[in-house]
Amino acid sequence: NAGKSTLLSRLSRARPEIADYPFTTKFPNLGLVVADIDTSFVMADIPGLIEGASDGVGLGHDFLRHIMRAGILVHLVEPLPGDGSDPVDNYRVIRNELAQYSQELQQRPEILVVSKSEIPESAEVVAKLTQETDREVLLISAVTGQGLNILIRRIAKMLAERTQPVANTQF
């Protein structure tokens, strides 16, 4: 839930409010990300979800409705949450909230990303999430730029795969 606005500001010209406290983002922010000369996409920074969001806790339903519009999800995991919570547990909580809100949302394509690659704990979280999910987990840093181009290319590729027309087959 942390670092989404910073990531959006690094990948686009969007200038969301960025502060050193949780839940800074109150409304979704949009930014146009240019992957290459022929490819761009709109990325949304959605306010952070909390446990109980699917039951309407906080502004959970409002935020989840925004997420329903996303073609793919980029789940950004903070390796050292400020509240001392476990990042893998935090990931599970958010995935559970998505599933409780909508089975369709639970099945939405997702790119799993751990931020703050410049701190040693990030690699440990990547390893734990990879083991837990049996999926590739990207490691990025909005500060140093590490992994950002890989993330952009991965998002563009997934979006292209989702919008490819099905070949017309005649029987």
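On a predicted model such as this, the values are computed, not experimentally measured, just so you know.

Draft legend 1. Quick look at helix α5 (residues 121–133). Its 13 residues place the ends of α5 18 Å apart at the C-alpha level, agreeing with the 18 Å of an ideal helix rising 1.5 Å per residue. Taken together, the buried positions of α5 are occupied by Ser 122, Val 125, Val 126, Leu 129 and Thr 133. Seen end-on, α5 carries its buried residues on one side only, within an arc spanning 105°. Looking at the buried positions of α5, the neighbouring elements they touch are β3 (73–77), α3 (87–101), β4 (110–114) and β5 (137–139). One or two positions beyond α5, positive phi appears at Asp 134, with a value near 55°.

Draft legend 2. Molecular detail of the side chain of Ser 117. Within the secondary structure layout, Ser 117 lies in the loop between β4 and α5. Judged by relative accessible area, which is 14%, Ser 117 ranks as buried. Leave out the neighbours within four places in its chain, and Ser 117 touches Ser 122, Leu 139, Ile 140, Ser 141, Thr 144 and Gln 146.

Rules used in this analysis
- Residues numbered from 1 in each chain as written.
- Predicted model: local features only at pLDDT ≥ 70, side-chain atom pairs only at ≥ 80, totals over all residues.
- Heavy atoms only, no water.
- Helix = DSSP H or I, 4+ residues; strand = E, 2+ residues; numbered from the N terminus.
- Expected span 1.5 Å × (residues − 1).
- Buried < 20%, exposed > 50% of the residue type's maximum accessible area, 1.4 Å probe, protein only.
- Arc of directions from axis to C-beta.
- Contact = heavy atoms within 4.5 Å.

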